[in-house]
Amino acid sequence: MVKNIMVWQKKVWQEKFWQEKTLDEMNEEEWEALCDGCGRCCLVKLEDEDSGEILKSDIHCKLFDCETAKCLKYEDRQKYVSDCVRLTPAKIKQLNWIPASCAYRRIAEGRGLAWWHPLLCGEGETIKKVGISVVGRTVCESEIKPDEFVDHIAYWPDFEPDER
Ligand code: SF4
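Residues numbered from 1 in each chain as written. Predicted model: local features only at pLDDT ≥ 70, side-chain atom pairs only at ≥ 80, totals over all residues.

Draft legend 1. Spotlight on the overall build of the protein. Across its full length, the protein carries eight helices and five strands. The N-to-C order of helical and strand elements in the protein reads α-α-α-β-β-β-β-α-α-α-α-α-β. Burial status across the protein gives 19% buried among its 164 residues. At a minimum sequence separation of 6, the contacts of the protein that also span at least 24 residues come to 59%. (Helix = DSSP H or I, 4+ residues; strand = E, 2+ residues; numbered from the N terminus. Buried ≥ 20, exposed ≤ 12 C-beta atoms within 10 Å, placed from the backbone. Contact = placed C-beta atoms within 7 Å.)

Given below as structure tokens:
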């Protein structure tokens, strides 16, 4: 299995499909491979009642695995979390809370992948080193009382560490 993943990563790296295709043109495997695994879209968002502004938090979804930054029920996650947003090319352009560092947003905006993306640097640890990953920096929603959510509003910089 691991070998197959490595072969696949080598294959997509060589083909650089993200340079050749739009998000709409990608097949399912390519679409899934594009996610950098930062976990930022798995954080709870709060809406300001007065302004309607969407605020980010350091609270992660109950299905988020804090060690791997993957969803524990990815395939049928909406069965467990009904308001989980399934990203599509159209939604990437509409949702303003998608971070500027998100690989889907970068491709949609014609900015290409960042050097620290696993498909380019060849491994998944760099995303932690450059501060894009949320791993180790969040708490689970099941541990937070409803009236404490507001205490967890967090600023996640949209900086793009393009400089090595
Ligand atoms: S924010 Fe984008 S790149 Fe990061 S985990 Fe979510 S979908 Fe993947």
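Draft legend 2. Here's a closer look at unusual backbone geometry. The backbone phi angle of A69 is positive, close to 65°, even though this residue is not glycine. The residue A69 is located in the loop between β3 (64-65) and β4 (70-71) in this model.

Draft legend 3. Examining the sheet that holds strand β1 (residues 43-47) more closely. One open sheet holds the three strands; their spatial order is β1-β2-β5, and the pairing between them is mixed. Strands with a single pairing partner mark the edges of an open sheet, and in this sheet they are β1 and β5 (139-140). Sheet topology note: the strand β2 (residues 54-60)/β5 ladder contains two bridges and is parallel. Bridge pairing in β5 links H60 to C140. (Pairing = 2+ DSSP bridges.)

Draft legend 4. Structural context of the environment of E25. Inspection of the secondary structure puts E25 in the loop between α2 (17-20) and α3 (28-34). Given 11 C-beta atoms within a 10 Å radius, E25 is considered exposed. The sequence separation of E25 and P89 amounts to 64 residues, and the corresponding C-alpha distance is 9.5 Å.

Draft legend 5. The nonpolar core, seen in detail. Of all hydrophobic cores here, the largest spans 11 residues; its members are C38, C42, L43, V44, I59, C61, F64, W116, I127, I132 and V134. Ranked by size, the runner-up nonpolar core spans seven residues in total, among them W18, L34, A103 and Y104. (Core = buried A, V, L, I, M, F, W, Y, C linked by C-beta atoms within 7 Å.)

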